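Below, each chain spelled out in residue letters.
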Amino acid sequence: SSKTFWTTTGMFPQELIIGFPKCVKIRKVAIQCYLVRTLRIERSTSEDPVGFEQCIEKDLQHTEGQLQMEEFPLPEFQATYLRFIIKSAFDHFVSVHRVMAEGT
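Residues numbered from 1 in each chain as written. Predicted model: local features only at pLDDT ≥ 70, side-chain atom pairs only at ≥ 80, totals over all residues. Heavy atoms only, no water.

### Considering the nonpolar core
Part 1 of the reasoning: Core analysis: the biggest nonpolar cluster contains 21 residues, and Leu-39, Leu-82 and Phe-84 have the highest contact counts within it.
Part 2 of the reasoning: For this core, the elements supplying multiple residues, two or more each, are β2 (14–34), β3 (36–44) and β5 (68–89).
Part 3 of the reasoning: When residues of this core are assigned to their parent elements, the largest contribution, eight residues, is made by β5.
Part 4 of the reasoning: Beyond its immediate chain neighbours, meaning those up to four positions away, Phe-84 contacts Gln-14, Glu-15, Leu-16, Ile-18, Val-29, Ile-31, Leu-39, Arg-40, Ile-41 and Val-99. (Core = buried A, V, L, I, M, F, W, Y, C linked by side-chain atoms within 4.5 Å. Buried < 20%, exposed > 50% of the residue type's maximum accessible area, 1.4 Å probe, protein only. Helix = DSSP H or I, 4+ residues; strand = E, 2+ residues; numbered from the N terminus. Contact = heavy atoms within 4.5 Å.)

### Let's talk about the sheet that holds strand β1 (residues 6–7)
Part 1 of the reasoning: With antiparallel pairing, the six strands of this open sheet are ordered in space as β1-β6-β2-β5-β3-β4. Looking along the sheet, the strands with just one partner apiece sit at the ends: β1 and β4 (53–59).
Part 2 of the reasoning: Bridge count for β1 against strand β6 (residues 95–103) is two bridges, and the pairing is antiparallel. The partner of Thr-7 across the bridge, within β6, is Ser-95. (Pairing = 2+ DSSP bridges.)

### A word on the environment of Ala-79
Part 1 of the reasoning: Within the secondary structure layout, Ala-79 lies in strand β5.
Part 2 of the reasoning: We classify Ala-79 as buried; its relative accessible area is 0%.
Part 3 of the reasoning: Each C-alpha atom of the pair Ala-79 and Val-50 lies 12 Å from the other, and the pair is 29 residues apart in sequence.
Part 4 of the reasoning: Discounting chain neighbours no more than four positions away, the residues touching Ala-79 are Phe-20, Lys-22, Cys-23, Val-24, Ile-26, Arg-43, Ser-44 and Thr-45.

### Some thoughts on unusual backbone geometry
Part 1 of the reasoning: Note the cis peptide between Phe-12 and Pro-13, where omega equals 10°.
Part 2 of the reasoning: Mapped onto the fold, Pro-13 is located in the loop between β1 and β2.
Part 3 of the reasoning: Backbone geometry at Leu-35 places phi at a positive 70°, although glycine is not the residue there.

What is shown is where atoms sit, not what they do.
Structure (structure tokens):
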């Protein structure tokens, strides 16, 4: 929902894990967030959210007063869980407004 968002508690790193009902193939991940400086995306193919491996880590541009919209085209990979780790931020609190994964 565009009316909801997830916010950090003020210390870093912070993480957000998204689970799929079964293992899926993903080719692109996109995120809309606010005040995130460094973001790492990891994946797991386990039945439980364990055994994560890094997909990408990126420093995002500061966009004062606007949402950051980042797309990560990736080589197609499988995942049951995606973990988003906010390693650092431009402020004490950040927010994640939307996460999208494209694939099959």
